[in-house]
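# Inside the fold
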Amino acid sequence: MPVPNVFLALLTIPWLSALVIALIPKNIQANTSIILAGIFTYLAFKIGHIPEQIIAYPWFTLGGKSIEASFWINAHAQLVLLLVSIVAIFVQIFSKSYLAKDPNVGRYYSYLHVFIGAMTLLILTDQVYLFYGSWELVGACSYLLISFWHEKPTAIKAAKKAFLLNRIGDIALLFGIIGLSNYFGTTSFSNMHGTAPAFIGIAIIIGGIGKSAQFPLMSWLPDAMEGPTPASALIHAATMVAAGVFVGIRIFPFVGEETHLFMGAIGAISLVSGAFFALFQNDIKKALAYSTISQLGLMWLGMGSGASLFHLYVHGIFKAGLFLTAGSVIHYLHNQKATHHLDAQSLTHMGGLRKQLPISFIAYLIFGAGLMGIPLTTGFYSKENIAGFLWVSAQNSAFSSYYYVLLGALALGMALTATYICRQTYLIFLGQNRGGHKLENSETQCFQIIPICLLIFFSLFFWISNNPIDVENSLFITYFRVGSYPIPSFWLAITAGTWVLGILATALTRHWIPAKNYQFAGFIWPNTYQFALWIGRKTHVFDVRVLDRIVVKVTELQVIIAHLSAWIDRHIVDGIVDGIASFSQALGARVRTWQSAQVQKYWIWVVITLIFILLYLLY
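Residues numbered from 1 in each chain as written. Predicted model: local features only at pLDDT ≥ 70, side-chain atom pairs only at ≥ 80, totals over all residues. Heavy atoms only, no water.

One pass over the full model with this rule turns up two cavities of 30 Å³ or more. Within this model, the largest cavity holds a volume of roughly 70 Å³. In terms of lining, the largest cavity is formed by G139, S142, Y143, A162, F163, N166, R167, K211 and M240. Secondary structure elements with two or more residues in the lining of the largest cavity: α5 (128–146) and α6 (153–184). (1 Å grid on protein atoms, 1.4 Å probe; cavity = no way out; pocket = protein on both sides within 12 Å on 5 of 7 lines; lining within 4 Å. Points joined across faces, edges and corners; volume = space filled by probe spheres on them. Helix = DSSP H or I, 4+ residues; strand = E, 2+ residues; numbered from the N terminus.)

Moving on: the environment of F71. In this fold, F71 is placed in strand β2 (residues 65–73). The spacing of F71 and L121 is 50 residues in sequence and 8.5 Å in space, taken between C-alpha atoms. With near-sequence residues (within four places) excluded, F71 lies in contact with F7, L11, Q53, I54, I55, Y57, L121, L124, T125, D126 and L130. (Contact = heavy atoms within 4.5 Å.)

The subject of this paragraph is the packing of helix α3 (residues 75–98) against helix α9 (residues 229–238). Direction vectors running N to C along α3 and α9 enclose 165°, while the axes themselves pass 8 Å from each other. With respect to their mutual orientation, α3 and α9 come out roughly antiparallel. For the element pair α3 and α9, the recorded crossing hand is right-handed. Of the residues in α9, those touching α3 at L83, V84, V87, A88, V91, F94, S95 and Y98 are T229, P230, A233, L234 and A238. When the residues that make up the contact of α3 with α9 are grouped by side-chain class, the tally is 11 nonpolar, two polar and no charged. (Axes fitted to C-alpha atoms, helices over the stretch in contact; angles between N-to-C directions. Parallel < 35°, antiparallel > 145°, perpendicular 65-115°, else oblique. Left-handed = near helix turned anticlockwise from the far one by under 90°. Nonpolar A, V, L, I, M, F, W, Y, C, P; charged D, E, K, R; others polar.)

On to the pairing of strand β1 (residues 53–62). In the sheet, β1 pairs with β2 via nine bridges, with the strands oriented antiparallel. Note that in β2 the partner of T61 across the bridge is S66. Taking the residues that link successive antiparallel strands as the turn, the β1-β2 hairpin has two residues, and the phi of G63 there is positive, at about 60°. (Pairing = 2+ DSSP bridges.)

Side chains of a nonpolar character, in soluble globular proteins, are inclined to be buried together. Core analysis: the biggest nonpolar cluster contains 187 residues, and L180, L353 and L410 have the highest contact counts within it. Examining the composition of this core, we find that 17 residues originate from one element, helix α13 (residues 306–334), more than from any other. (Core = buried A, V, L, I, M, F, W, Y, C linked by side-chain atoms within 4.5 Å. Buried < 20%, exposed > 50% of the residue type's maximum accessible area, 1.4 Å probe, protein only.)

The next subject is the side chain of S459. Structurally, S459 is set in the loop between α17 (446–458) and α18 (475–479). For S459, the contacting residues outside a window of four places in its chain are I317, F318, F367, T377 and T378.

Here the focus is the packing of aromatic side chains. Working definition: an aromatic ring pair is given by the centre-to-centre distance plus the angle between the planes. One pass over the structure, following the stated rule, counts 26 aromatic pairs. Judged by centre distance (5.4 Å) and plane angle (80°), the rings of F131 and F189 are edge-to-face. Note that F131 is positioned in helix α5 and F189 in the loop between α6 and α7 (198–211), a separation of 58 residues in sequence. F189 matches F131 in its accessibility class, with the two residues each being buried. Residues Y364 and F429 carry aromatic rings whose centres are separated by 5.5 Å and whose planes lie at 55° to one another, so their mutual orientation is tilted. Taken together, the positions of Y364 in helix α14 (residues 358–372) and F429 in helix α16 (residues 400–429) put the pair 65 residues apart, joining distant regions of the chain. The residues Y364 and F429 share a single accessibility class, namely buried. Lying over the aromatic face of F163, R167 brings its terminal NZ or CZ to 4.4 Å of the ring centre. (Phe/Tyr/Trp six-rings, centres within 6.5 Å; stacked < 30°, edge-to-face > 60°. Lys NZ or Arg CZ within 6 Å of the ring centre and 35° of its normal.)

So, about unusual backbone geometry. In the segment running from F215 into P216, the intervening peptide bond is cis, with an omega of 5°. Take P216: it is sitting in the loop between α7 and α8 (220–223). The phi dihedral of A213 is positive, around 55°, even though this residue is not glycine. Tracing the chain through its elements places A213 in the loop between α7 and α8.

Attention now moves to helix α2 (residues 29–47). In a regular helix each residue adds 1.5 Å, so 19 residues correspond to 27 Å; α2 covers 27 Å between its end C-alpha atoms and thus fits that length. If you check which residues of α2 are buried, you get Q29, A30, S33, I34, L36, A37, F40, T41, L43, A44 and I47. (Expected span 1.5 Å × (residues − 1).)

The next point concerns the layout of surface pockets. Roughly 690 Å³ of internal volume is contained in the largest pocket. Considering the residues around the largest pocket, the lining is formed by 25 residues, among which Y98, W149, I330, H334 and Q345 are closest to the centre. Element by element, the count of residues in the lining of the largest pocket is highest for α13, at three residues. Tallied by class, the residues present in the lining of the largest pocket amount to eight nonpolar, nine polar and eight charged.

Here it is as structure tokens:
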């Protein structure tokens with residue numbers, strides 16, 4: 001099949017899939033969705049093996065200029081597309097069991113396919129306005145899936161919060177891409193060469209802050225866990241939230257170092273604060289949400305370079321695995337007689353689950369090891385690669401001190417990461433069940449175990465390199481152009497030290513469970529929301545009591561002026577005009593008598609005129 005045909009099929013299948021699933025009977029929706037997701041994955045792998053190229057189609061004409069819908073198939077887009085397709089099909093397989101009893105499962109699968117279509121468009125598009133349109137589409141899908149169980153007030157509030165906070169970033173992104181397009185004189189990313197002004201790059205990065213839930217727009221992501229857990233694995237852990245990183249990757253070649261450092265500074269703050277607040281969660285999904293914020297911050301430390309792309313792919317795999325494994329734990333507890341009436345996401349009802357869920361326990365250990373960056377997991381190479389990028393950049397930059405500060409933030413973030421993931425693993429699977437519940441020894445269903453085991457497979461080192469010691473010459477690094485950066489030997493000692501600190505901190509705090517879910521700057525959102533409501537109420541009062549009254553009075557004044565104008569027009573203006581007309585008529589009648597054609601009268605007037613002239617001359 002020619003490349004354009006494969007490409008068009010890849011773009012259109014998710015949208016057609018969403019329509020088909022919405023129309024077919026409920027009992028075959030899940031299986032049909034998985035089959036269609038499999039077809040999409042097959043096409044994504046075919047696209048992943050073609051050489052770099054641009055595919056363009058006529059779109060519309062504006063001001064005599066033809067605008068094309070252009071798409072850019074390059075190594076970076078191919079890698080992210082592979083991540084989306086892999087995670088999407090595993091999530092759909094997992095969902096078959098997880099949402100088997102949900103009456104609205106067809107709507108859920110339709111939303112997933114719409115999201116896949118929007119994300120594919122975002123990844124492959126080369127046209128800046130198509131990029132922005134797909135950016136908004138993935139945000140809309142996020143809103144729909146957060147509020148999927150809309151009968152829950154918390155889900156509605158979480159969806160609204162995500163929508164409003166993302167609007168802040170989206171407005172900045174819109175101004176940024178307009179500025180970028182005007183500066184380079186093109187609407188295609190592939191035709192942009194040179195260095196754009198810092199304020200344009202920073203505006204685009206602010207757009208990414210909202211989508212990636214980075215500081216200070218980070219508080220929406222933990223609340224987004226109100227949606228179904230598999231959807232959180234796909235959208236709010238592996239793919240959509242990484243769009244903020246992807247836009248940084250897109251503009252990396254044509255923005256300056258000031259923009260790169262701004263992105264790195266935001267990433268450093270988010271890495272440390274997200275990891276810190278992950279320690280203070282008693283909800284398993286909210287802890288993973290803060291973990292996602294932290295890991296996205298780690299990608300931002302790569303500043304949109306190949307190192308960011310490398311960790312984007314790797315993190316997407318093991319974070320999706322963590323969410324699906326957490327989902328299997330939640331599903332298991334929810335269906336136990338002893339715990340189904342309790343909060344199945346709370347750590348206070350967990351502990352000792354390694355006996356009931358041995359495969360989930362092993363999976364959580366491996367995915368957690370990837371999060372910590374333990375050797376032989378893909379996370380080790382991607383984390384060390386970001387450290388290498390910062391180290392190499394520090395050696396060749398006038399801003400070297402900034403890069404060293406970012407390296408320090410990376411070390412602190414790694415230590416906190418090791419601490420929260422070790423603590424969470426202990427609190428879920430080790431020790432004794434803290435609720436004293438009698439639990440049945442039944443592992444989760446095969447449709448949940450199979451995708452988890454496959455994600456374990458993708459999380460191991462041989463996907464990066466057959467030789468765990470030599471990564472620089474791996475086909476993965478070379479083909480996808482992610483770049484390999486050397487690190488100093490002392491950094492490996494720092495990395496090992498973070499693991500030791502994390503395990504020790506877990507041992508010292510293993511009996512402590514947070515009393516509630518603490519939120520980063522939690523006071524900001526409710527206070528801001530209340531302030532917005534106060535502003536709205538005051539604006540309404542001002543509108544009703546002041547503006548409306550002014551408008552009414554002005555209208556009444558206009559009516560009075562109109563009546564007065566009509567009276568003046570009728571009695572004064574018309575009177576003057578009529579008077580002038582009458583005077584002109586009388587004058588005309590009198591003057592007409594002068595034109596009598598009688599010569600004797602003309603001589604009389606001549607004589608009278610001469611007499612007046614003589615009198616004037618004499619006197």
